[in-house]
Amino acid sequence: MKTVSICVGHSREGDNGAVSVSGRSEWNYNEPIAEMLAAILRSAGVKVHLHDSYPGIDYPVSMKALSNALNVEAPDCAIELHFNSASPNARGFEYLFWETSAKGRKLAQAFQSAHRERFPNQRDRGIKSIGFGQRGSLFLRLPNCPCLICEPFFGSSQDDWNLFGSEEGQSDLASMYATALADFLGVELRPQSRENGSGEAARKKRSQEMLERVTRLRVELNALEALIRYDA
């Protein structure tokens, strides 16, 4: 069985990461995507470990603890979900891998290819090798498995946020990640129905189901009140 570890960046207490133009933090944005992605992969028979709460008082301690957990899980690969932030004019996607990891490079190429195909109008900033002392280096270097840092857009860009900031954008991003991972792992994904998953359609369906339950409860309550009045 193929195994993937999904890590939500900035999961250490007090570290929410960058903030989008709408004020949403990296962790708050990416945690639902991790859940969506995990569900898609599990439906394809992939074993998934999800990490959205890192122990440790600082980044190095957290990454050491996380790498120890990943080494116990021994996944085929691990990814960490982020989004970029810079000037309002900075746009596009990039994927980061450890400089000497051939499998990490292959994983990054799978994500780059899936991203290009799914979002052809977005700027491709390329895949980038990371060395000692660079951002994200501990996550990419410490675990034994190939690792990838996902930077699919700039939260500081209104154009990028318009593409990914909605529930539908989150769902599309999770689906694209799943496609990339399936390509890397050599597994086949099952067709996904947004009505049975997440996003705007799913939200509307859940609201409708809730409304129907409330309506039934009101009918039952009215019948009970009528019965009480009759007995009185």
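1. Observations concerning the overall build of the protein chain
Part 1: If you tally the helices and strands in the protein chain, you get seven helices and six strands.
Part 2: Counting from the amino terminus, the protein chain carries its helices and strands in the arrangement β-α-β-α-β-β-α-β-α-β-α-α-α.
Part 3: Going through the 232 residues of the protein chain one by one, you find that 45% of them count as buried.
Part 4: Long-range pairs, those at least 24 residues apart, make up 78% of the contacts in the protein chain with a sequence separation of at least 6.
Part 5: Element-wise, carbon and sulfur atoms account for 49% of the exposed surface of the protein chain, whose accessible area totals about 12,000 Å².

2. Examining the pattern of salt bridges
Part 1: Tallied over the full model, the rule gives seven salt bridges.
Part 2: Among the salt bridges present, the one from glutamate 94 reaches lysine 128, with a minimum N-O distance of 2.7 Å. Here glutamate 94 is found in strand 4 (residues 93–98), whereas its partner lysine 128 is found in strand 5 (residues 124–130), with 34 residues between them in sequence.
Part 3: Of the charged contacts, one joins arginine 135 and glutamate 94 as a salt bridge, the two residues approaching to 2.6 Å between their closest N and O atoms. Within this pair, whereas arginine 135 is found in the loop between strand 5 and helix 4 (137–141), its partner glutamate 94 is found in strand 4, the two being separated by 41 residues in sequence.
Part 4: On the accessibility criterion, glutamate 94 (2% relative accessible area) is buried.
Part 5: Through salt bridges with shared partners, one network takes in Glu94, Arg125, Lys128, Arg135 and Glu151.

3. Remarks on the packing of helix 1 (residues 26–43) against helix 6 (residues 167–185)
Part 1: The geometry of helix 1 relative to helix 6 is characterised by a closest axis approach of 9 Å and an angle of 45° between their N-to-C directions. Judged by the angle between their axes, helix 1 and helix 6 are oblique. Relative to helix 6, the crossing made by helix 1 is right-handed. Counted together, Tyr29, Pro32, Ile33, Met36, Leu37, Ile40 and Leu41 of helix 1 and Gly169, Gln170, Ser171, Leu173, Ala174, Ser175, Tyr177, Ala178 and Leu181 of helix 6 form the full contact between these two elements.

4. Quick look at the packing of helix 3 (residues 102–118) against helix 6
Part 1: At a minimum axis separation of 8 Å, helix 3 and helix 6 run at an interaxial angle of 135°. With respect to helix 6, the axis of helix 3 lies oblique. With respect to the hand of their crossing, helix 3 and helix 6 are arranged in right-handed fashion. Contacts between helix 3 and helix 6 involve Lys103, Lys106, Leu107, Ala110, Phe111, Ala114, His115 and Arg118 from the former and Asp172, Ser175, Met176, Tyr177, Thr179, Ala180, Leu181, Asp183 and Phe184 from the latter.
Part 2: In terms of residue class, the contact of helix 3 with helix 6 is built from nine nonpolar, three polar and five charged.

5. A closer look at helix 1
Part 1: For helix 1, spanning 18 residues, the distance from its first C-alpha to its last is 26 Å, which sits close to the expected 26 Å at 1.5 Å a residue.
Part 2: When helix 1 is considered as a whole, its buried residues turn out to be Glu26, Tyr29, Asn30, Glu31, Ile33, Ala34, Met36, Leu37, Ala38, Ile40 and Leu41.
Part 3: Of the surrounding secondary structure, the elements contacted by the buried residues of helix 1 are strand 1 (3–8), strand 2 (47–51), strand 3 (77–81), helix 5 (158–164) and helix 6.
Part 4: Looking at the residues trailing helix 1, positive phi occurs at glycine 45, about 85°.

6. Re the packing of aromatic side chains
Part 1: The tally for this structure, following the rule as stated, stands at 12 aromatic pairs.
Part 2: Aromatic pair phenylalanine 93 and tyrosine 95: ring centres 6.2 Å apart, planes at 55°, arrangement tilted. The same class applies to phenylalanine 93 and to tyrosine 95, which are both buried.
Part 3: Ring plane angle 45° and centroid distance 5.7 Å describe the contact between phenylalanine 111 and tyrosine 177, whose orientation is recorded as tilted. A residue pair is termed long-range when its members are at least 10 positions apart, and phenylalanine 111 in helix 3 and tyrosine 177 in helix 6 qualify at 66 residues.
Part 4: Classification of tyrosine 177 by relative accessible area gives buried; the value is 0%.
Part 5: Among the aromatic side chains, those forming a connected cluster through ring pairs are Tyr29, Phe83, Phe119, Phe153, Trp161 and Phe164.

7. So, the pairing of strand 2
Part 1: As paired elements, strand 1 and strand 2 share five bridges and run parallel to each other. Each bridged residue has a counterpart across the sheet, and for isoleucine 6 the counterpart in strand 2 is leucine 50.
Part 2: With helix 1 bridging strand 1 and the parallel strand 2, this β-α-β connection has right-handed handedness.

Analysis parameters
- Residues numbered from 1 in each chain as written.
- Predicted model: local features only at pLDDT ≥ 70, side-chain atom pairs only at ≥ 80, totals over all residues.
- Heavy atoms only, no water.
- Helix = DSSP H or I, 4+ residues; strand = E, 2+ residues; numbered from the N terminus.
- Buried < 20%, exposed > 50% of the residue type's maximum accessible area, 1.4 Å probe, protein only.
- Contact = heavy atoms within 4.5 Å.
- Areas by Shrake-Rupley, 256 points an atom, 1.4 Å probe, with all protein chains shown as cover.
- Salt bridge = Lys/Arg side-chain N within 4 Å of Asp/Glu carboxyl O.
- Axes fitted to C-alpha atoms, helices over the stretch in contact; angles between N-to-C directions.
- Parallel < 35°, antiparallel > 145°, perpendicular 65-115°, else oblique.
- Left-handed = near helix turned anticlockwise from the far one by under 90°.
- Nonpolar A, V, L, I, M, F, W, Y, C, P; charged D, E, K, R; others polar.
- Expected span 1.5 Å × (residues − 1).
- Phe/Tyr/Trp six-rings, centres within 6.5 Å; stacked < 30°, edge-to-face > 60°.
- Pairing = 2+ DSSP bridges.
- Right-handed = clockwise from strand over helix to strand, strands pointing away.

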